[in-house]
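Per-entry structural report
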Amino acid sequence: MFESKRYYQLEEKLNEFFIMLGGISAFSIAFFKNVFLPPYEFGEVKKHMDELGVKTLPIVSVTGFIIGLVLAMQSQPVMARFGAESFLPSMVALSVVRELGPVITALIFAGRVSSGIGAELGSMRVTEQIDAMEVSAINPFKFLVVTRVLACVFILPMLTVYVDFIAILGGYAAVALILNMNFQLYVNSLLPSLLFSDVLPGIAKTFFFGFIVGIVGSYKGYMADNGTVGVGKASTSSVVISSLMILVMDMVLVKITLIFWSL
Amino acid sequence: MVVEVKNLSKSFGNHIVLDNISLKISEGENFVIFGRSGTGKSVLLKCIVRLLLPDSGEIFIDGQNILNLSEKELNKIRKYIGFVFQSSALYDSMTVKENLEFPLIRNFEFTAEERENKIRSVLEKVDLAGAINKMPAELSGGMKKRIGLARSIITEPKLILYDEPTTGLDPITTKEISHLIVELQKDLNVTAIVVTHDLVCAHIVANHAIVLKDGKIRYEGALGKLTSTDDEFLNDFFDNEYFEDKNGRK
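Residues numbered from 1 in each chain as written. Chains lettered and ligands numbered in written order. Predicted model: local features only at pLDDT ≥ 70, side-chain atom pairs only at ≥ 80, totals over all residues.

1. Considering the overall build of chain B
- The number of helices and strands found in chain B is eight helices and 10 strands.
- Relative to the globule expectation of 18 Å for 250 residues, the C-alpha radius of gyration of chain B, 18 Å, shows essentially globular dimensions.
- When the backbone C-alpha atoms are referred to their principal axes, chain B occupies close to 55 × 50 × 30 Å.
- Here chain B, with 250 residues, has 39% of them falling under the buried criterion. (Helix = DSSP H or I, 4+ residues; strand = E, 2+ residues; numbered from the N terminus. Rg over C-alpha atoms; globule rule 2.2 N^0.38 Å. Buried ≥ 20, exposed ≤ 12 C-beta atoms within 10 Å, placed from the backbone.)

Structural data, given as structure tokens:
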């Protein structure tokens, strides 16, 4: 009896999971169908970029600086053990630019933005604002979803470049304290090791991460029901799902990157 | 606009909400839909504008079956339909002016001056000219209903659907909103479909009424005849409010 109940619960959860995956896929297809069709809501995209970018800036600045600082502090004793302390600036820069900067920024962005989009669209859904738009012969998907997803796709790479710089500065703060290295030497040590093939894939994958954050948040909010409880669920599950999808996508993209730039 | 619904059925899971409903609403008519909560009044209204898809049946607006239209064709019809939501459904990130301007900018080619004039005119009509720059959160329930009404008439629709336009309002505001609905119908010659529980509103507004029960139409005809029926359900339904009236306690 107990076993069969657990079995049905598992079956139900699996059903929900696959329905959600199908929903997100259908939502993504609808995005590509709508994105190239007029009217183009450039004003809305710019407005969302301003909101999403500016609101996320303080938290990514602090996180970026601490990540760079801690990375350098933790790595220094290990590198000293192998007599490779002079490579510390390069190690910090490469770790940040190739992996930590894009992924950490995307995860923070997901926490901050995906939940916000989920809650905003969710409350619009339960208060019939989306229905009001639809019945006024306005395409709510284009106005609400496409503009937010585009804003996420464009703003996340910019935030990532910014976080990379801040994290490298954080790394410098640690190196200056531990090794007493000056800024010019720090920059001269890391610049030669940073190649185009390190920077480009790191930035390129954030376009995908931005898309995930935007589409998952929008999907969860757009499909919300069950009043304020539904809005809360939409907001929470947006963060969980987009964070997980970012990590899975990162794994896939790293593999693809290594095929093309296996340096 | 003439609205005709033929054999419409709609279920949610195993729960049948509308069961083979047919009705016809003539041009310029104020058509009232009564029924207990959960009998599918709002579902019927949403099916008429295809916000919900019925399981079976046909819905004709001015002779066109809207269930067979493409999104583009449907939007051509929706441009001339106003919908007043129970919750008002004002866009809460926009001011009153932006709420009213929103459908005008996207669906019509008015100049900024024409839009401004239209906004001022509809706000005067609903007696809220001073609220033009307010956010929806700053408005009372009655004011929100009026702005919702203003937003639905700014495009000069030929059909307006009202989903419980007076629910939660005090008796005076209820009468004001109801008279406004009648005024609009006279001024713009629109067809109106009003879902309500409110007999005061219905008495002011209705030319014709139906009562829904268990997904079917239990009564259809003039509102006045509802008082002289032998139907037990109808007597029960209107007892609390209407028979108080008959007993002189109005």
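And the narrative resumes.
2. Some words on the overall build of chain A
- The number of helices and strands found in chain A is eight helices and zero strands.
- Mapped in sequence order, the helices and strands of chain A form the string α-α-α-α-α-α-α-α.
- With respect to the three principal axes, the spread of C-alpha positions in chain A is 65 × 55 × 35 Å.
- Counting across all 263 residues of chain A, residues that qualify as buried make up 42%.
- A sequence separation of at least 24 residues applies to 89% of the contacts in chain A between residues at least 6 apart. (Contact = placed C-beta atoms within 7 Å.)

3. Some words on the pairing of strand β6 (residues 81–84) of chain B
Residues and elements named next belong to chain B.
- Burial along β6 is two-sided: Ile81 and Phe83 facing one way and Gly82 and Val84 facing the other are all buried.
- As judged from the four bridges shared by β6 and strand β7 (residues 159–163), these two strands associate in the parallel manner. Its bridge partner being in β7, Phe83 is matched across the sheet by Leu161. (Pairing = 2+ DSSP bridges.)

4. With respect to the sheet that holds strand β8 (residues 191–195) of chain B
All names here are of chain B.
- Pairing is mixed in the open sheet, where six strands are placed in the order β6-β7-β8-β3-β9-β10. Two strands close off the open sheet at either side, each with one partner strand: β6 and β10 (216–221). Within this sheet the neighbouring strands show an average axis-to-axis angle of 15 degrees, counted without direction.
- Of the strand pairs in this sheet, strand β9 (residues 208–213) and β10 are connected by five bridges, and their pairing is antiparallel. Bridging from a neighbouring strand, Lys213 pairs with Lys216 of β10. (Axes fitted to C-alpha atoms, helices over the stretch in contact; angles between N-to-C directions.)

5. Considerations on helix α3 (residues 88–126) of chain A
All names here are of chain A.
- In this model, α3 (39 residues) spans 53 Å end to end at C-alpha, consistent with the 57 Å of a helix rising 1.5 Å per residue.
- The largest bend in α3 comes to about 55 degrees, at Val96.
- Burial analysis of α3 places 29 of its 39 residues in the buried class, the great majority of the element.
- Backbone geometry just downstream of α3 places Glu128 in the positive-phi region, at approximately 65 degrees. (Expected span 1.5 Å × (residues − 1). Bend = angle between axes of the 7 residues up to and from the residue.)

6. What about the interface of chain B and chain A?
- Between chain B and chain A, the residue contacts involve 14 residues of the former and 10 residues of the latter.
- Every element with two or more residues in the side of chain B that touches chain A is listed here: α2 (71–78), β6 and α3 (96–107) of chain B.
- Considering only residue class, the side of chain B that touches chain A consists of eight nonpolar, three polar and three charged. (Nonpolar A, V, L, I, M, F, W, Y, C, P; charged D, E, K, R; others polar.)

7. Some details on the packing of helix α7 (residues 196–222) of chain A against helix α8 (residues 227–260) of chain A
Residue and element names in this part refer to chain A.
- It is at 9 Å that the axes of α7 and α8 come closest, and there the two elements cross at 155 degrees. In terms of orientation, α7 lies roughly antiparallel with respect to α8. Our pair here, α7 against α8, has a crossing hand that is right-handed. Within the contact between the two elements, α7 uses Pro201, Lys205, Phe208, Phe209, Ile212, Val213, Val216, Gly217, Lys220 and Gly221 and α8 uses Ala234, Ser237, Ser238, Ile241, Ser242, Met245, Ile246, Met249, Asp250, Leu253 and Thr257.
- Looking at the contact of α7 with α8, its residues break down into 12 nonpolar, six polar and three charged. (Parallel < 35°, antiparallel > 145°, perpendicular 65-115°, else oblique. Left-handed = near helix turned anticlockwise from the far one by under 90°.)

8. Quick look at the pairing of strand β2 (residues 15–25) of chain B
All names here are of chain B.
- Where strand β1 (residues 3–12) lies against β2, seven bridges are found, and the strand directions are antiparallel. In the strand pairing of β2, Lys10 is matched with Leu18.
- The turn joining β1 and β2, which pair antiparallel and follow one another in sequence, is formed by two residues; a positive phi near 65 degrees is taken by Gly13.

9. Regarding the domain arrangement of chain B
Residues and elements named next belong to chain B.
- Each domain of chain B was delimited in the assignment, giving domain 1 (1–21 + 38–70) and domain 2 (208–250).
- With eight residues of domain 1 in contact, the opposing surface of domain 2 contributes five residues.
- With five residues, β2 is the single largest residue contributor to the side of domain 1 that touches domain 2.
- Here the side of domain 1 that touches domain 2 is composed, by residue class, of four nonpolar, two polar and two charged. (Domains from an automatic or database assignment.)

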